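Geometric and topological summary
Residues per chain are reported as follows:
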Amino acid sequence: MAKLWAGRTDAALNQAADDFNASIRFDSRMYRQDIAGSLAHAEMLGKTGILPAGDVAAIQNGLRGILADLESGALAVDPSSEDIHMFVEAELTRRIGEAGKRLHTARSRNDQVATDLRLYLRERTETILEKTRALAEALLEQAAQHAETILPGYTHLQRAQPVTFGHHLLAYCSMLLRDMGRMRGAAKRMNQSPLGACALAGTTYPIDRQMTAALLGFDVPCANSLDAVSDRDFCAELCAAWSILMMHLSRLSEEILLWSSWEFHFITLDDAFTTGSSIMPQKKNSDMAELARGKTGRVYGDLMGTLTMLKGLPLAYDKDMQEDKEAAFDAADTVEACLTVLAPMVATWTAHPAAMRRAAENGFMGATDCADYLTRQGVPFRTAYKITGQIVRECIERGVTLETLPLEAYQSFSPLFGEDIYAAISLDACVARRTSEGGTAPDSVRRQIKAMKELLENA
Ligand code: ARG
């Protein structure tokens, strides 16, 4: 397609150079935002008297027609265009003639692309926020069903203390709530209008940046025109928020994979979220959880690519910045896809409380509570800790558990042990006593669910 910027040169590009330069392949997905930005810009040019009303009407009708035809499929984006901005402007001029050539008055592609990208990512962030909310709700729902289901809590992937499954799932809700906060914060900072910064220095035309900002739903115009066209903090910030979100999804995926293995058998995934093997007839694999874990690396890559691309750039716009879009788009697509599959996967799994309990019964997880039992009778904690360690060793030598070690054996370590030690170290008692704020007791879990539901409503 002929270059709108031909003039200084005849713009007869080497084919490879032209292909290399073009961004239409990936920026055409911003066509709605590009047209919205142009509609607002034209409106402002009319209101300020920079363009006559007749031209503005022709431009706006033309732009609406282009939008309708792109939506209906009557018009396709020309892949030989340099970018979406050039395509829309050229198509407008093809449709309405001279007036189309006036649209770019007091505007540059530099403020145009920065505006389009903010509008586009604003929309994507809203969708991702809603999908994050859906996953958090699925986790909350499972947590409510399993406020009393006991399973081993781990540190170093070694059985540590019994916890409730609900409590464990709520940990992920807490992470997702922070992720939502990070996205909201980034979206808020992004919501400033670059339009009217023009190429870099502003313009001599009497434009109204407040007006275009308001028309496009931005909070305010960006304060500095050089910053407005060179700032891509919002890409980095969103990719960072999405990277952290992916890190959480990856940890959840890893646990889903562990829990659904035969070794744990804590949950069974619904068949709709598993695959088979081409050779091993017995297999039921959790590919989707693995992919979510694997795709985390892509989003980190998008973040690192963006930060590295920006780090050496002099003000203001540099063409390097065209690289911002593929990274941000890939990150948004990846995060959205992972959330879309994880939320129903969590909502439909079947938990196996009996298997969880069996796992919790082995592993001496009542040991801390055994030590606390002595401590409550005046033994210093460190001493009680040591006695209990010796008792665990005795259990291992005898091949029994803390629950089945005879009382005389306990008493050979300390005369303070009585029959009530068994109640003190029972799994249910260990869990039920941890009523501290944020703790694992069913009552505490129910309080957390209530609080997180409220937080989620306002997130
Ligand atoms: N396609 C370009 C980009 O994505 C649009 C801005 C081009 N500006 C320029 N001065 N060449 O960054």
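Just above, that's the structure.
Quick summary incoming for the structure in this document. (Residues numbered from 1 in each chain as written. Predicted model: local features only at pLDDT ≥ 70, side-chain atom pairs only at ≥ 80, totals over all residues. Heavy atoms only, no water.)

What to know about the overall build of the protein chain
Tallying secondary structure elements over the protein chain gives 19 helices and six strands in all. Counting only C-alpha atoms, the protein chain reaches 100 × 55 × 40 Å along its principal axes. Classification of the 459 residues of the protein chain by burial places 50% in the buried group. Partitioning the contacts of the protein chain with sequence separation of at least 6, the portion at a separation of at least 24 is 75%. Total accessible area computed for the protein chain in this model is approximately 21,200 Å², and 54% of it derives from carbon and sulfur atoms. Treating the 48 positive side-chain charges of the protein chain as one cloud and the 60 negative ones as another, the clouds have centres 2 Å apart. (Helix = DSSP H or I, 4+ residues; strand = E, 2+ residues; numbered from the N terminus. Buried < 20%, exposed > 50% of the residue type's maximum accessible area, 1.4 Å probe, protein only. Contact = heavy atoms within 4.5 Å. Areas by Shrake-Rupley, 256 points an atom, 1.4 Å probe, with all protein chains shown as cover. Lys, Arg positive; Asp, Glu negative; His and termini not counted. Charge placed at Lys NZ, Arg CZ, Asp CG, Glu CD.)

Things to note about the site of the ligand
The local shell around the ligand consists of Ser23, Asp27, Asp83, His85, Arg109, Asn110, Val113, Tyr317, Gln322 and Lys325. Note that a nitrogen atom of the ligand is positioned 3.0 Å from one of the side-chain N or O atoms of Ser23. One of the side-chain nitrogen or oxygen atoms of Tyr317 is found 2.4 Å away from an oxygen atom of the ligand. Here the ligand loses 86% of its free accessible area of 340 Å² to cover by the protein chains. (Near = heavy atom within 4 Å. Polar contact = N/O pair within 3.5 Å; in protein donor to acceptor, adjacent residues only side chain to side chain.)

What about empty space enclosed by the protein?
All chains considered together, the criterion is met by two cavities of 30 Å³ or more. Size it by volume and the largest cavity reaches roughly 50 Å³. Looking at the largest cavity, the residues that line it are Ala360, Glu361, Phe364, Met365, Gly366, Thr401, Leu402, Glu403 and Leu427. Of the residues that constitute the lining of the largest cavity, the class distribution is five nonpolar, two polar and two charged. Of the residues belonging to the lining of the second largest cavity, the class tally is five nonpolar, one polar and two charged. (1 Å grid on protein atoms, 1.4 Å probe; cavity = no way out; pocket = protein on both sides within 12 Å on 5 of 7 lines; lining within 4 Å. Points joined across faces, edges and corners; volume = space filled by probe spheres on them. Nonpolar A, V, L, I, M, F, W, Y, C, P; charged D, E, K, R; others polar.)

Quick look at the pattern of salt bridges
The final tally for this structure, using the stated rule, is 34 salt bridges. Here Glu71 ties to Arg32 by a salt bridge, and the two come within 2.8 Å at their closest N and O atoms. Highlighted residues: Glu71 in helix α4 (residues 53-72) and Arg32 in helix α3 (residues 31-47), separated in sequence by 39 residues. Judged by its relative accessible area of 42%, Glu71 falls in the partly exposed class. Here Glu43 ties to Lys47 by a salt bridge, and the two come within 3.0 Å at their closest N and O atoms. In this pair, Glu43 and Lys47 are both assigned in helix α3, four residues apart and thus about one turn of the helix distant. Take Lys47: its relative accessible area is 59%, and that puts it in the exposed class. When salt bridges that share partners are traced, they join Lys3, Asp18, Glu82, Asp83, Arg109 and Lys319 into one network. (Salt bridge = Lys/Arg side-chain N within 4 Å of Asp/Glu carboxyl O.)

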